[in-house]
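Notes for the structure review
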Amino acid sequence: MKPVTYFLLLSLLGATGCKNNPRQNETAEASALSVKVSDYGQTVEGPAKLYTLTNSKGIQVEITNYGGIITRLLAPDKNGQFADVVLGFDKLEDYLQNNSPYFGAIIGRFGNRIAKGAFSIDGQQYALAINNAPNTLHGGAAGFDKHLWQAREIGREGYAGLELNRTSPDMEEGFPGNLNATVRYLLNDDNELLIEYEATTDKATIINLTNHAYFNLKGAGNGDILGHELMIAASRFTPVDSTLIPTGELRPVAGTPFDFKNPTPIGARINAGDEQLRLGRGYDHNFVLDKSGQGLELAASAFEPTSGRFLEVLTTEPGIQFYCGNFLDGSTVGKGGVKHEYRTGFCLETQHFPDSPNQPGFPATVLRPGEKFASKTVYRFSVKE
Ligand code: GLA
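Now for a look at the structure at hand. (Residues numbered from 1 in each chain as written. Predicted model: local features only at pLDDT ≥ 70, side-chain atom pairs only at ≥ 80, totals over all residues. Heavy atoms only, no water.)

**Re the pairing of strand S24 (residues 319-323)**
Among the five residues of S24, five are classified as buried, and the element is accordingly described as predominantly covered. Going residue by residue along S24, you find Gly319, Gln321 and Tyr323 tucked away on one face and Ile320 and Phe322 tucked away on the opposite face as well. As defined by bridge partners, strand S21 (residues 284-289) adjoins S24 across five bridges and the pair is classed as antiparallel. Note that in S24 the partner of Asp284 across the bridge is Tyr323. Where S24 meets strand S25 (residues 347-351), five bridges bridge the pair, whose relative direction is antiparallel. If you follow Ile320 over to S25, its bridge partner there is Thr350. (Buried < 20%, exposed > 50% of the residue type's maximum accessible area, 1.4 Å probe, protein only. Helix = DSSP H or I, 4+ residues; strand = E, 2+ residues; numbered from the N terminus. Pairing = 2+ DSSP bridges.)

**Some details on the site of the ligand**
Surrounding the ligand, one finds 14 residues, the nearest of these being Arg113, His138, His212, Asp284 and Glu349. Within the side chain of Asn112, an N or O atom sits 2.9 Å from an oxygen atom of the ligand. Contact between the ligand and Arg113: an oxygen atom at 2.8 Å from a side-chain N or O atom of the residue. When isolated, the ligand has an accessible area of 300 Å², and the protein chains bury 95% of it. (Near = heavy atom within 4 Å. Polar contact = N/O pair within 3.5 Å; in protein donor to acceptor, adjacent residues only side chain to side chain. Areas by Shrake-Rupley, 256 points an atom, 1.4 Å probe, with all protein chains shown as cover.)

**Overview of the pattern of salt bridges**
Going through the model one piece at a time under the given rule, you end up with 19 salt bridges. The closest approach of N and O atoms between Arg380 and Glu192, which form a salt bridge, is 2.9 Å. Here the residue Arg380 occupies a position in strand S27 (residues 373-383), and Glu192 occupies one in strand S14 (residues 192-201), the gap between them amounting to 188 residues. Judged by its relative accessible area of 24%, Arg380 falls in the partly exposed class. What emerges from the salt-bridge pattern is a single network uniting Arg152, Arg156, Glu163, Arg184, Glu196, Glu198 and Lys372. (Salt bridge = Lys/Arg side-chain N within 4 Å of Asp/Glu carboxyl O.)

**What about the environment of Leu367?**
By the element assignment, Leu367 lies in strand S26 (residues 366-367). Separated by 58 residues in the primary sequence, Leu367 and Arg309 place their C-alpha atoms 38 Å from one another. Once you skip the residues sitting within four places of it in the chain, Leu367 turns out to touch Leu179, Ala199, Thr200, Thr201, Lys203, Ala204, Thr205, Ile207, Lys372 and Phe373. (Contact = heavy atoms within 4.5 Å.)

**Describing the nonpolar core**
Core analysis: the largest hydrophobic core is formed by 59 residues, its most contacted members being Tyr185, Ile232, Phe287 and Phe322. For this core, the leading source of residues is strand S13 (residues 179-188), giving five residues. With near-sequence residues (within four places) excluded, Phe322 lies in contact with Leu230, Ile232, Phe260, Ile266, Tyr283, Asp284, His285, Phe287, Phe346, Cys347 and Leu348. Core analysis: the second largest hydrophobic core is formed by 16 residues, Leu87, Phe89, Leu148 and Tyr323 among them. (Core = buried A, V, L, I, M, F, W, Y, C linked by side-chain atoms within 4.5 Å.)

In structure tokens form, the structure reads like this:
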């Protein structure tokens, strides 16, 4: 090739690169994505760290490797004012007290309830710790929320990332198999917090992983959540018995206070005298998402009109537990000394359905050796008028 042709070709390539290469922008933005680590205190399993993921829009997510807890999440309102929109505590000791109602934590091995802590796989019976009599709740007495995870920052283009890993030993809390679990928290410049869950086992077991963040889009500590306009993309929900175990029925939401297909304030029908609302003490139910496939799809959204904050939840999971803080009663003191009062936070826990191991009609939650459990959820923050 003649030198001049070579030069022309190079400059052509260069020009194209400058104008059309979308990666140029990505790289510029990516440089604003960061992960910072600091000491968070001592646990019986070792020192805990606090990781701060930041994006170029100023969103910050603080996560500790104790329980994988999201301790703080700063999101802007319609005037650009940031507030911490997740409930929790100011310091590690408060989480270690063992009276946190799972604020912001990773839930495992099995999210929500398993009736009487009993299930069987291939004819083999298992008995789990009963920590929510008469049932097992959120993995038993010391679930994934109460352990220290191995943590490392991860580089992925367009994201600030933290990877947590933990091997739950065979028969921990009564669950069979050494279960190796990985959870990744990834923040991007579209104000999306992506959570990836993965797990493998060396014995047939059951699994249902989620995150138990409590949101208040007015800002944690700023009153109740009843004015949030909630949408859940679900035509059916799973009604429960008096111990909050699903009856097995997939009941249509149409004509009930469980119809959130169109955005509706959480408080609009909460006192409607509905039997299911009475049993749940309010909303504390699994919704059967109207999914069209296995990919990430919009599952729910919440809009808080006074701040303009808008949260969208996308997931690959078939269900979502909508819980509106009915058990919060002011007995724990949160950030800035503000008590966690009744219904001051709501959870949208993406999941397989509660008690699936005992419900043949529900999507299966069995994980076998050689298989890989994988699930994704996105919490996306924006503002609306
Ligand atoms: C879940 C359950 C609720 C309650 C909370 C934690 O959302 O469904 O019943 O146990 O966790 O307090």
